[in-house]
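Descriptive analysis of the structure
Each chain is listed here by its residues.
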Amino acid sequence: MTTTNAYNPNEDSVAQQIHESEMIRQGFWLYDCIEGDIDTDELRDEAKVRKALIQAYGDAAWADIDGLTRTILHDRTTPDSTYLRFFFNTIAESSDGWMHKPEWVACLDGDDPIKPGDQIAIGFDGSIRGDATGLVGARLRDGKLFVLHLQENPRNPNQPDWEVDVLAVEAAVKNAFDTYKVEWFYGDPPYWQEAIGRWSIEYGDDYVFEYWTNKPTRMVQAVERFRTAAQVKDLKHDGDEDLTRHVLNAVTREVPQGLLITKDSPRSKRKIDLAVCAVLAFEARADAIADGRLQVRRRRVVGF
């Protein structure tokens, strides 16, 4: 028998390994847990905090619910993820989250929609069956991000052999080049190296490029530029729910070169593929502009 607090999904702890094991899933081991029903953004609501504490502590009559409530509401030195794990017994989103929700929401731009013929850059991250496959565009003139295509493994037991629809991806790429003026395309090659090579031939080897996300030095710089741009509102997005979900799912992983983004655990169902696409699209946009491909329309002034 093992007793433990809720784990941090970034640590790959023994508790996490047990919880995610096939023995638990098949019912050979018992995993017994009472969680408080509360989200991170509700930790400033006294009534919800108190209710969730009572849920989590159950019949532990000795628990000082009033004292715990005061601590959570007023002690701002402890990360929210720690409150969730140790007070509410919830497997919390890592405190190493990459993008804070208020920062991302602040970059929302519901005006000036992307239009056919706009100059854009594209980021592509592909899989075959395990993760998601997506295409994200970034408009050159303002860095506005939008989703061009997404396929996610539904994790449906009735679809154990699910695979990405390759023809749908091919169609999405073609539609993007037909609809917009694509100035730069970065694609992560694993599983898709042949396709990216073919797209390079079809659309131009000075427009379609491989971008290996497993090269940490280059990827660290791209992730940092994206994060900084979001902080100072130098990028925008159209509020797409899938893109927002993937961006907010991403957590940071420290490597000698700096910080990369990753899922909260290797087997996590919380996908981040569109976040990777967005980073590549934003990087492609920067390289397209540096190459002089941004066309700025100038108004003609007539004098009398």
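Structure: above.
Here is a short report on the structure shown in this document. (Residues numbered from 1 in each chain as written. Predicted model: local features only at pLDDT ≥ 70, side-chain atom pairs only at ≥ 80, totals over all residues. Heavy atoms only, no water.)

**Observations concerning the overall build of the protein**
Convention followed: The numbering of helices and of strands both runs from the N terminus, where a helix is a DSSP run of H or I of at least 4 residues and a strand a run of E of at least 2. The classification of residues rests on relative accessible area computed with a 1.4 Å probe and restricted to protein chains. Under 20% of the type maximum is buried, over 50% is exposed, and intermediate values are partly exposed. Whether two residues are in contact is decided by their heavy atoms, any of which lying within 4.5 Å being enough.
Per the secondary structure count, the protein includes 11 helices and 8 strands. Taken along the three principal axes of its C-alpha coordinates, the protein extends 85 × 55 × 35 Å. Taken over 304 residues, the protein has a buried fraction of 45%. Taking contacts inside the protein between residues at least 6 apart in sequence as the whole, the part at least 24 apart equals 64%.

**Section: helix α8 (residues 193–203)**
Which entries qualify depends on this criterion: It is the directions from the helix axis to the C-beta atoms that the arc portrays.
Among the residues of α8, those classed as buried are Ala195, Ile196, Trp199, Ser200 and Tyr203. Buried residues of α8, viewed axially, fall in a sector of 145°; they line one side. Turned more than 90 degrees away from the buried face of α8, the exposed residues are Glu194 and Ile201. Close packing links the buried residues of α8 with β1 (119–125), α7 (166–179), β4 (181–188) and β5 (208–210).

**Structural notes on the packing of aromatic side chains**
Rule in force here: Two rings belonging to Phe, Tyr or Trp (six-membered ring only in the last case) form a pair when the distance between their centres is within 6.5 Å. Interplanar angles under 30 degrees mark stacking, angles over 60 mark edge-to-face geometry, and anything in between is tilted. Cation placement over rings: the criterion is NZ of Lys or CZ of Arg within 6 Å of the ring centroid and within 35° of the ring normal.
Enumeration according to the criterion identifies 16 aromatic pairs in this entry. Every member of this aromatic cluster is reached through a ring pair, and the members are Phe124, Phe177, Phe185, Trp192, Trp199 and Tyr203. Directly above the aromatic system of Tyr207 lies the positively charged group of Arg293, at a separation of 4.7 Å from the ring centroid.

**Section: the pairing of strand β3 (residues 144–151)**
Note the following rule: Strands are treated as partners if at least two bridges between them are detected by DSSP.
As defined by bridge partners, strand β2 (residues 133–139) adjoins β3 across 6 bridges and the pair is classed as antiparallel. Within β3, the position partnered with Thr133 by the bridge is Gln151. Between β2 and the antiparallel strand that follows it, β3, lie 4 residues; Gly143 among them carries a positive phi value of about 70°. Sheet topology places β3 next to strand β6 (residues 236–237); 2 bridges connect them, and they run parallel. What sits directly across from Lys144, in β6, is Lys236.

**Some thoughts on unusual backbone geometry**
Even without being a glycine, Asp112 presents a positive backbone phi close to 50°. Summarising the element assignment, Asp112 is placed in the loop between α6 (101–106) and β1. Classification of Asp112 by relative accessible area gives partly exposed; the value is 31%. Unlike most non-glycine residues, Lys233 shows phi in positive territory, near 60°. Take Lys233: it is sitting in the loop between α9 (216–231) and β6. Accessibility expressed as a relative area gives 53% for Lys233, which makes it exposed.

**Side note on the packing of helix α3 (residues 46–57) against helix α4 (residues 65–74)**
Stated precisely, the cut-off is as follows: All axes here are fitted lines through C-alpha atoms, helices being fitted over the stretch that makes contact, and every angle between N-to-C directions spans 0 to 180 degrees. Here is the rule for angles: anything less than 35 degrees is roughly parallel, anything more than 145 is roughly antiparallel, 65 through 115 is roughly perpendicular, and the remaining ranges are oblique. Throughout, a crossing is termed right-handed when the near helix is turned clockwise from the far one, and left-handed when it is turned anticlockwise from it by less than a right angle.
Running from N to C, α3 and α4 point in directions that differ by 130°, and their axes come no closer than 10 Å. When the interaxial angle is binned, α3 and α4 end up oblique. The handedness of the crossing between α3 and α4 comes out as right-handed. For the pair α3 and α4, contact is made by Glu46, Val49, Arg50, Leu53, Ile54 and Tyr57 and by Ile65, Asp66, Leu68, Thr69, Ile72 and Leu73, respectively.

**So, the side chain of Asp118**
Cut-off, in case you're wondering: We define a polar contact as two N or O atoms separated by no more than 3.5 Å, with the added condition that, inside protein, one atom must be a possible hydrogen donor and the other a possible acceptor, whereas residues neighbouring each other in sequence contribute only through side-chain atom pairs.
Turning to its location among the elements, Asp118 is positioned in the loop between α6 and β1. Overall, Asp118 belongs to the buried group, its relative accessible area being 15%. Within the structure, Asp118 has its side chain in polar contact with the side chain of Arg139 (distance 3.2 Å). Excluding anything up to four places from it in sequence, Asp118 contacts Pro113, Arg139, Tyr180 and Lys181.

**A word on the packing of α7 against α8**
What describes two packed helices is the angle between their axes and the distance between those same axes. Heads up, the condition is: Amino acids are sorted into nonpolar (Ala, Val, Leu, Ile, Met, Phe, Trp, Tyr, Cys and Pro), charged (Asp, Glu, Lys and Arg) and polar (every other residue, Gly among them).
Where α7 meets α8, the axes come as close as 12 Å, and the angle between the chain directions of the two elements is 25°. By the angle between their directions, the pair α7 and α8 is classed as roughly parallel. Crossing handedness for the pair α7 and α8: right-handed. Counted together, Val169, Glu170, Val173, Lys174 and Phe177 of α7 and Ala195, Arg198, Trp199 and Tyr203 of α8 form the full contact between these two elements. By residue class, the composition of the contact of α7 with α8 is 6 nonpolar, no polar and 3 charged.

**A word on the environment of Gly143**
Considering the arrangement of structural elements, one finds Gly143 in the loop between β2 and β3. Taking C-alpha positions, Gly143 is 21 Å from Ala172, a pair spaced 29 residues apart along the chain. Once you skip the residues sitting within four places of it in the chain, Gly143 turns out to touch Leu235, Lys236, Phe282 and Arg285.

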